[in-house]
Amino acid sequence: MARSNNYKAGSKARETKAPAFIAWHVAEKTDSKSFWTRIGAAWDHEDGKGLTLQLDLVPVSGGRIVLRTPTEATEERGA
């Protein structure tokens, strides 16, 4: 999915910022088992009044979307 370059001509490019949250799709399979699939990420707005959510996958089979703060284990897995 392409990202737009939100900067003025002649200015330097924005620095890459780590996401504030990782988006997960959670599918309940049994009473005691659920499957979590990383589907995107969310970044804070500079004014602190919202988030930008980028989904790389949109679940169509139900379940729920959960936003969680990133952890070192998440980043190491590349998930």
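Think of each chain on its own: its residues are numbered from 1, step by step along the sequence as written. Confidence filtering applies because this is a predicted model: local features only for residues at pLDDT of at least 70, side-chain atom pairs given and counted only at 80 or more, and all residues used for totals across whole chains, interfaces and linings. With hydrogens and water excluded, all non-hydrogen atoms of the structure serve as input to the side-chain values.

Overview of the overall build of the chain
The line we're drawing: Secondary structure follows DSSP: runs of H or I at least 4 residues long count as helices, runs of E at least 2 residues long count as strands, and numbering of each begins at the N terminus. Three exposure classes are used, based on accessible area relative to the maximum for each residue type with a 1.4 Å probe and protein chains only: buried under 20%, partly exposed in between, and exposed over 50%. Only heavy atoms enter the contact rule, under which two residues are in contact if any of them lie within 4.5 Å. Throughout, the Shrake-Rupley method with a 1.4 Å probe supplies accessible areas, and for residues the shown protein chains are the sole cover considered.
Of regular secondary structure, the chain possesses 1 helix and 4 strands. Of the regular secondary structure in the chain, the N- to C-terminal order runs β-β-β-β-α. Here the chain holds 79 residues, and 20% of them are scored as buried. Within the chain, contacts between residues separated by at least 24 positions form 47% of all contacts whose residues are at least 6 apart in sequence. Split by element, the accessible area of the chain, about 6500 Å² in all, is 50% carbon and sulfur.

A look at the sheet that holds strand E1 (residues 21-28)
Using the following cut-off: Pairing between two strands is assigned when DSSP locates at least 2 bridges connecting them. Interaxial angles span 0 to 180 degrees and are taken between N-to-C directions of axes, which are lines fitted to C-alpha atoms, for helices over the stretch in contact.
One open sheet holds the 4 strands; their spatial order is E3-E2-E1-E4, and the pairing between them is antiparallel. This sheet does not close on itself; its edge strands, each paired only once, are strand E3 (51-55) and strand E4 (64-68). Averaged over all pairs of adjacent strands, the angle between their axes in this sheet comes to 35°, without regard to strand direction. Direction of pairing for E1 relative to strand E2 (residues 34-44): antiparallel, over a ladder of 8 bridges.

Notes on the pairing of E1
Taken across its 8 residues, E1 has 6 buried, putting it largely inside the fold. Taking the residues that link successive antiparallel strands as the turn, the E1-E2 hairpin has 5 residues. In terms of strand pairing, E1 meets E4 through 5 bridges, oriented antiparallel. If you follow tryptophan 24 over to E4, its bridge partner there is valine 66.

Comments concerning a nonpolar patch on the surface
Which entries qualify depends on this criterion: Only residues whose relative accessible area exceeds 30% and that take part in no salt bridge are eligible for patches, with like-charged residues grouped when within 9 Å of each other and nonpolar side chains (Val, Leu, Ile, Met, Phe, Trp, Tyr) grouped when within 5 Å. Salt bridge, as applied in this entry: a Lys or Arg side-chain nitrogen positioned within 4 Å of an Asp or Glu carboxyl oxygen.
A grouping of Leu51, Leu53, Ile65 and Leu67 is seen on the molecular surface, where their side chains present a nonpolar patch of about 320 Å² in accessible area. Only E3 and E4 provide two or more residues apiece to the nonpolar patch. Structurally, the position occupied by leucine 53 is in strand E3.

Considering the packing of aromatic side chains
The geometry of an aromatic ring pair comes down to the distance between the two centres and the angle between the two planes. Selection rule: Pairing of aromatic side chains here covers Phe, Tyr and the six-membered ring of Trp, requires ring centres within 6.5 Å, and sorts the geometry by plane angle: under 30 degrees stacked, over 60 edge-to-face, intermediate tilted.
Within the structure shown, the criterion is met by 1 aromatic pair. Ring centres 6.3 Å apart and planes at 65° place the aromatic pair tryptophan 24 and tryptophan 36 in the edge-to-face group. Of the two residues, tryptophan 24 is situated in strand E1 and tryptophan 36 in strand E2; the sequence distance between them amounts to 12 residues. Its relative accessible area of 8% is what places tryptophan 24 among the buried residues.

Worth remembering: the numbers are spatial, not functional.
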